[in-house]
Amino acid sequence: MEVVKALEVVEPAFIQEPQHRPKQGVKPAEGIPLIDLSGAISNSSPETLKKVAREVGNACKEWGFFQVINHGVPAETLKKLESARNKFFSLPLEEKRKVRRAETNFLGYYEHEFTKNVRDWNEHYDISLIERYPFPASPDVNDTTMVDYFNRWPENPPEFREACEEFLRETEKLAFKLLELIALSLGLPGNRFNGYFKDQTSFIRLNYYPQCPNPDLALGIGRHKDGNVLTVLAQGEVSGLEVSRKTDGKWIAVKPIPNAYTINIGNMMQVWTNEIYESVEHRVTGNSETERYSALFSLNPSHYVTMKPLEELTIDENPPKYREFNYGKFTAFRKLSNFKKLNAENIQVEHFRI
Ligand SMILES: O=C(O)CCC(=O)C(=O)O
Ligand SMILES: [Fe+2]
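Small disclaimer: the values here were computed from a predicted structure and weren't measured. (Residues numbered from 1 in each chain as written. Chains lettered and ligands numbered in written order. Predicted model: local features only at pLDDT ≥ 70, side-chain atom pairs only at ≥ 80, totals over all residues. Heavy atoms only, no water.)

**Student:** Let's hear about the nonpolar core: which residues, and what values?
**Tutor:** In this structure, Ile182, Phe193, Leu206 and Tyr261 are the most contacted members of the largest nonpolar core, which totals 70 residues. Broken down by element, the residue count for this core peaks at 12 residues, all from helix α6 (residues 160-185). Not counting the four nearest positions on each side in its chain, Leu206 is found in contact with Leu81, Arg85, Phe89, Glu123, His124, Tyr125, Ile127, Phe160, Cys164, Ser294 and Ala295. By size, the runner-up hydrophobic cluster in this structure holds 13 residues, among which are Trp63, Ile221, Ile252 and Leu296. (Core = buried A, V, L, I, M, F, W, Y, C linked by side-chain atoms within 4.5 Å. Buried < 20%, exposed > 50% of the residue type's maximum accessible area, 1.4 Å probe, protein only. Helix = DSSP H or I, 4+ residues; strand = E, 2+ residues; numbered from the N terminus. Contact = heavy atoms within 4.5 Å.)

Written out as structure tokens, the structure is:
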């Protein structure tokens, strides 16, 4: 990417179709809910928990996106992670490439990602909560070969691993608290979803968006919906995240709030809830003046989970909207299409819609 930057103009692979190019100066919107989780984190009464769950439920329904404060993740944990992350991304490219992702193990550093076949102006690093686990080798449903996914750890900075492991532990707790609140908001037992995470494939992603010479043409990450259950995102202080507003599809900037986490519903929650809660498209714009960093926890089920709408939520008036599919195969396809430019259309959860 260094070479590209020196040219002061982005390569054609990064250029978005005119209709997907970002408008400059999108104002942060009012209305993205901000939820105080203190009532759900401390030993609260069932009534308090239900009250917070209702707020979460409304935010999931109306926006698919919300921010949380008093979430229980220590500020110090994020600080340590941010410092280690920024040091890692400032290493020379050949150093970072030593822990580069491969087609047989998608964990690690990557600087060549595609979203919907257009390259992102982004470098990132994926680290799994479980150190090593089996995953389908290919998206082909007839291929039963499994490969091992395992974490790649860099030599530098030396504190990187510990900082990541602490962030993984703390954001996992928050993700499961949100999962409980979402279950309660749907009138389900708080632990209704837990069985799908026995061998969870959750990971953290550290994002780095270098300064971009053409934020009018390229995006940090192109428009997409997260293919997971939910995302817990530390946006950092530089804006850039935009969400497609459910009411009119307009791109809305999500304002960074110090110490808050931004939460969004992923495709798998959309399937489980039979679209009572929908995952919403979002993107990250480029910035010619400053670099941007973010960090997120992606909550993902065990690879062998069969995805389908929950029976409790599919009543006569709301019959199942999705056919069954295997989570691991779905994800193997998505990861492959992010890894390299494919001729085939990128698979989306909509392909399983009845
Ligand atoms: O960097 C951000 O603010 C969001 C990143 C994102 O949407 C993703 O990595 O899926
Ligand atoms: Fe995303």
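**Student:** Account for unusual backbone geometry, with residues named and values stated.
**Tutor:** Between Asn156 and the following residue, Pro157, the backbone shows a cis peptide bond with an omega angle of -5 degrees. Non-glycine residue Asn274 carries a positive phi angle of around 55 degrees. Within the secondary structure, Asn274 sits in the loop between α7 (267-272) and β15 (282-285). Judged by relative accessible area, Asn274 falls into the buried class, the value being 0%.

**Student:** Quick rundown of the environment of Gln348? Include the residues and the values.
**Tutor:** Tracing the backbone through its elements, the reader meets Gln348 in the segment after α8 (327-339). Measuring from C-alpha to C-alpha, the distance between Gln348 and Thr331 comes to 9.7 Å, with 17 residues separating the pair along the chain. Apart from the residues lying within four places of it in its own chain, the contact partners of Gln348 are Lys116, Phe330 and Arg334.

**Student:** Could you give me a rundown of the coordination of the iron ion (ligand 2), with the residues and numbers involved?
**Tutor:** Distances from the iron ion (ligand 2) to its protein donors, namely His224 (NE2), Asp226 (OD) and His282 (NE2), fall within the range 2.1 to 2.2 Å. Between consecutive donors of the iron ion (ligand 2), the numbers of intervening residues give the motif H-x1-D-x55-H. Of this pair, His224 sits in strand β10 (residues 219-224) while His282 is found in strand β15, placing the two residues 58 residues apart along the sequence. For His224, a relative accessible area of 16% puts it in the buried group. Taking the relative accessible area as the measure of exposure, His282 reaches 6% and is therefore buried. (Donors = N, O, S within 2.8 Å, 3.2 Å for Na, K, Ca; no water.)

**Student:** Pulling in residues and values, what's your account of the sheet that holds strand β13 (residues 251-253)?
**Tutor:** Spatial ordering of the open sheet is given by β10-β15-β12-β13, a layout of 4 strands whose pairing is antiparallel. What marks the edges here is a single partner per strand, and that holds for β10 and β13. Each adjacent strand pair in this sheet contributes to an overall mean axis angle of 25 degrees, direction not counted. (Pairing = 2+ DSSP bridges. Axes fitted to C-alpha atoms, helices over the stretch in contact; angles between N-to-C directions.)

**Student:** Talk me through the pattern of salt bridges; I want residue IDs and the actual numbers.
**Tutor:** Counted according to the given criterion, the structure contains 20 salt bridges. Put simply, Asp126 and Arg205 hold a salt bridge, and the shortest N to O gap is 2.7 Å. In this pair, Asp126 sits in strand β6 (residues 123-128) while Arg205 sits in strand β9 (residues 203-209), placing the two residues 79 residues apart along the sequence. Across the pair, exposure class does not vary: Asp126 and Arg205 are buried alike. With a shortest N-O distance of 3.1 Å, Lys177 and Glu180 are connected by a salt bridge. With Lys177 and Glu180 both in helix α6 and 3 residues apart, this pair spans about one turn of that helix. Three or more residues joined by partner-sharing salt bridges are found here, namely Arg97, Arg100 and Glu111. (Salt bridge = Lys/Arg side-chain N within 4 Å of Asp/Glu carboxyl O.)

These results come straight from atomic positions and should not be treated as a statement about function.
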